[in-house]
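# Commentary on secondary and tertiary structure
Residue-level listing of the chains:
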Amino acid sequence: MGSRIAPRWLEEGMRLAADVVTDDGAVMFPKGKELAREDIENIRAMDVSWVVVEGDDIFFNVLKKEAEIASDEIKRAIEKAFKYCSFSPKETEQFKLLGIKYRSFLATKS
Amino acid sequence: MARTIPVHIKQKFEQVVNVPTLPKVLSKVISMLGEPRVSAREVAKVISQDQALVSRILRIVNSAFYGFPRQIKTIDHALVILGFNRLKAAIFTASVLEVFKNGQNNIGFDVNGFWEHSIGVGVISKALAKHLRLPNVEEHFIFGLLHDVGKLILDYYGKEFYEKVLPLQKEKDIPLREAELEIIGFDHSIVGSIVFEKWNLPYDMIDVVTWHHDVINYNGKFLQSVGIVAVADFLTRLIGLGFGGDNFIPPLHKNVFSMLNLDLMTMDYIISEGISQLDSMRDFLDIIRG
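Notes on the structure follow. (Residues numbered from 1 in each chain as written. Chains lettered and ligands numbered in written order. Predicted model: local features only at pLDDT ≥ 70, side-chain atom pairs only at ≥ 80, totals over all residues. Heavy atoms only, no water.)

### Considerations on the overall build of chain B
Formally: Helix numbering and strand numbering both begin at the N terminus, where a helix is a DSSP run of H or I of at least 4 residues and a strand a DSSP run of E of at least 2. C-alpha atoms define the radius of gyration, and 2.2 Å times the number of residues to the power 0.38 defines the globule rule. For each residue, the accessible area found with a 1.4 Å probe, counting protein chains only, is set against the maximum for its type, and the residue is called buried under 20%, exposed over 50%, and partly exposed in between. The contact definition used throughout considers only heavy atoms, calling two residues in contact when any of these lie within 4.5 Å.
The helix and strand tally for chain B stands at 18 helices and zero strands. Against the 2.2 N^0.38 benchmark of 19 Å for 290 residues, chain B shows a C-alpha radius of gyration of 18 Å, consistent with a compact globule. The principal-axis extent of the C-alpha atoms belonging to chain B is close to 50 × 45 × 35 Å. Here chain B, with 290 residues, has 59% of them falling under the buried criterion. Sequence-distant contacts, at least 24 apart, represent 69% of the contacts inside chain B between residues at least 6 apart.

Next comes the structure, spelled out in structure tokens:
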């Protein structure tokens, strides 16, 4: 399935696990392509929301990077939101990272 | 699997909720849709007696949700293009929305935020159903859209009580459901359940509305659908889309995730699938507003 990340997290040497997902469903890059700087610039110029790349480790790294730069407001809201949930600390942490990723994304859209 | 509702709750319900009656044509249509041998043509004939209903159904079937490039102009045409089952889902949606049009009875609940949340649950339910390769993917959008409709029923038709629930939720900063239980003695899922049963809506829809906060105790035949909507509700609140009445994520047993074979990366994929459809679903908000 690959990891869906925002184009701003693309780095050279990453390999596309699936086609670039554009908002209108167009397919722009072949699967398995290793990204060079020029490809990254092209993808960013397409203004797509997500790119699918290979590697679960990329997914978690990107979630952590997203959380580092998220606004304090989003971080406070997500902390509070879990008050009534009873997952393990690790599960809670992972869900929070996922929540921060999309809350940050939606904040840029509104 | 209908929840067995104790007599004292039913009695209290009658005091709290002034259940809206559906327009005659709608009742007739819903009753016909429950009959196994009814023909699509017969249903279309009855629907055509109510032009407001016809118009609302056509707006739904012409929305970006169905994504047909050519405009559908008649119920008969919709039948041919959509098929009976998908048209049924559109009719049920139009029926429920009919009860909340205009909003004159609203007492301060954030209705726009509510519908945005509901649409979010709808698109994520649909994405989950598609991922799980279920045959009735579109119906899951409707299940998600209507899962919390008990809140709206209380807001419009039980306002004497909801006027106390909403300030309590704010004052104590607790989940809306907790405030409902404290003031009324039962929550919006019971309200939705009783009203949907009175309206003779389909059993799968009733079970989703009734059990989405209690999946782990549900043992009926629509477990996947109930689980899907519960997870979609969880994820929609996780990403902060719309407003479900409070800012908390509802507790959900982790077995529900494993029952649907969902890990974090799959949920990430599902959310991105869901929100990629969000813009095209927003014309549902216009339809809802009438």
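Further notes follow.
### Digging into the overall build of chain A
When helices and strands are tallied, chain A shows four helices and two strands. Counting from the amino terminus, chain A carries its helices and strands in the arrangement β-α-β-α-α-α. Seen along its three principal axes, the alpha-carbon backbone of chain A occupies a region of about 45 × 30 × 20 Å. Residues classed as buried in chain A amount to 45% of the 110 residues present. Put simply, of all contacts in chain A between residues at least 6 apart along the chain, 67% involve residues at least 24 apart.

### Structural notes on the environment of Ile239(B)
Mapped onto the elements of the fold, Ile239(B) is located in the loop between helix 14 (223–238) and helix 15 (254–259). In this structure Ile239(B) comes out as buried when scored by relative accessible area, which is 1%. It is 9.8 Å that separates the C-alpha atoms of Ile239(B) and Gly120(B), two residues lying 119 residues apart in sequence. With sequence-adjacent residues up to four places away left out, Ile239(B) is seen in contact with Gly99(A), Tyr102(A), Arg103(A), Leu106(A), Ile124(B), Ile271(B) and Ile275(B).

### What about the packing of aromatic side chains?
Quick reminder of the rule: Stacked, tilted and edge-to-face are the three classes assigned to paired rings of Phe, Tyr and Trp, where Trp is represented by its six-membered ring and a pair needs centres within 6.5 Å; plane angles under 30 degrees give stacked, over 60 edge-to-face, the rest tilted. Working rule: Lys NZ or Arg CZ, within 6 Å of ring centre, within 35 degrees of ring normal, means a charge sits over the ring.
Inspection of the entire model under this criterion finds 17 aromatic pairs over all chains. Relative to Phe234(B), the ring of Phe87(A) has its centre 5.7 Å away and its plane inclined at 85°; by these criteria the two rings are edge-to-face. Placement of the pair is Phe87(A) in the loop between helix 3 (72–81) and helix 4 (89–109) and Phe234(B) in helix 14, with the two residues belonging to separate chains. Residue Phe87(A) shares its accessibility class with Phe234(B), and that shared class is buried. Residues Phe95(A) and Phe234(B) carry aromatic rings whose centres are separated by 5.0 Å and whose planes lie at 70° to one another, so their mutual orientation is edge-to-face. You can see Phe95(A) sitting in helix 4 and its partner Phe234(B) sitting in helix 14, one on each of two chains. There is no split in this pair, since Phe95(A) and Phe234(B) are both buried. Over the ring of Phe161(B) we find Lys164(B), and its NZ or CZ is 5.8 Å from the ring centre.

### Brief notes about the packing of helix 7 (residues 111–131) of chain B against helix 14 of chain B
Residues and elements named next belong to chain B. Stated precisely, the cut-off is as follows: Fitted lines through C-alpha atoms serve as axes, helices being fitted only where they are in contact, and the angles separating the N-to-C directions of these axes extend from 0 to 180 degrees. For classification purposes, an angle smaller than 35 degrees is called roughly parallel, one larger than 145 roughly antiparallel, one from 65 to 115 roughly perpendicular, and anything else oblique. Each helix crossing is assigned a hand: it is left-handed if the near helix lies turned anticlockwise from the far helix by less than a right angle, otherwise right-handed if that turn is clockwise. Ten residues, namely Ala, Val, Leu, Ile, Met, Phe, Trp, Tyr, Cys and Pro, are considered nonpolar, four, namely Asp, Glu, Lys and Arg, are considered charged, and the remaining ones, Gly among them, are considered polar.
The N-to-C vectors of helix 7 and helix 14 enclose an angle of 125°; their axes lie 8 Å apart at closest approach. Judged by the inter-axis angle, helix 7 sits oblique to helix 14. Regarding helix 7 and helix 14, the two cross each other, and that crossing is right-handed. Where helix 7 approaches helix 14, its residues His 117, Gly 120, Val 121, Ile 124, Ser 125, Leu 128 and Ala 129 are matched on the opposing element by Ile 228, Val 229, Val 231, Ala 232, Asp 233, Leu 235, Thr 236 and Arg 237. Counted by class, the contact of helix 7 with helix 14 contains nine nonpolar, four polar and two charged residues.

### A look at the nonpolar core
All names here are of chain B. Rules: Buried Ala, Val, Leu, Ile, Met, Phe, Trp, Tyr and Cys residues that are joined via side-chain atoms within 4.5 Å together make up what is termed a nonpolar core.
In this structure, Val 61 and Phe 196 are the most contacted members of the largest nonpolar core, which totals 152 residues. No other element matches the ten residues that helix 7 contributes to this core. The residues touching Phe 196, leaving out its near neighbours within four places in the chain, are Val 96, Leu 146, Val 149, Leu 201, Met 205, Ile 206 and Val 209.

### Observations regarding the interface of chain B and chain A
Rules: Buried area adds together the accessible area that both of two parts lose upon being put together, with accessible area traced by a 1.4 Å probe. In what follows, salt bridge is the name for a side-chain nitrogen of Lys or Arg lying within 4 Å of a carboxyl oxygen of Asp or Glu.
Each side of the interface is counted separately: chain B has 28 residues, and chain A has 27 residues. Approximately 2,500 Å² of surface area, both sides summed, lies buried where chain B meets chain A, with 70% of it carried by carbon and sulfur atoms. For the chain B face of the interface with chain A, the top three residues by lost area are Leu264(B), Met265(B) and Asp268(B), together amounting to 27%. Between Glu273(B) and Arg4(A) there is a salt bridge, and its shortest N-O distance comes to 3.3 Å. Elements supplying a minimum of two residues to the side of chain B that touches chain A: helix 14, helix 15 and helix 16 (264–276) of chain B. Here the side of chain B that touches chain A gets ten residues from one element, more than from any other, and that element is helix 16 of chain B.

### Quick word on helix 2 (residues 24–33) of chain B
All names here are of chain B. Formally: In this description, the arc belongs to the directions extending from the helix axis to the C-beta atoms.
Within the span of helix 2, buried status applies to Val 25, Leu 26, Val 29, Ile 30, Met 32 and Leu 33. End-on view of helix 2: buried residues confined to an arc of 160°, all on one side of the axis. The secondary structure elements touched by the buried residues of helix 2 are helix 3 (40–47), helix 4 (51–61) and helix 6 (84–98).

### Some points on unusual backbone geometry
Residue and element names in this part refer to chain B. One non-glycine residue, Arg 133, lies in the positive phi region at around 55°. Among the secondary structure elements, Arg 133 is positioned in the loop between helix 7 and helix 8 (137–146). Of note in the backbone geometry, Asn 200 takes a positive phi value of approximately 60° without being a glycine. Within the secondary structure, Asn 200 sits in the loop between helix 12 (188–198) and helix 13 (203–211). Residue class for Asn 200 comes out exposed when judged on its relative accessible area of 52%.

Read these as layout, nothing more, since geometry by itself doesn't imply function.
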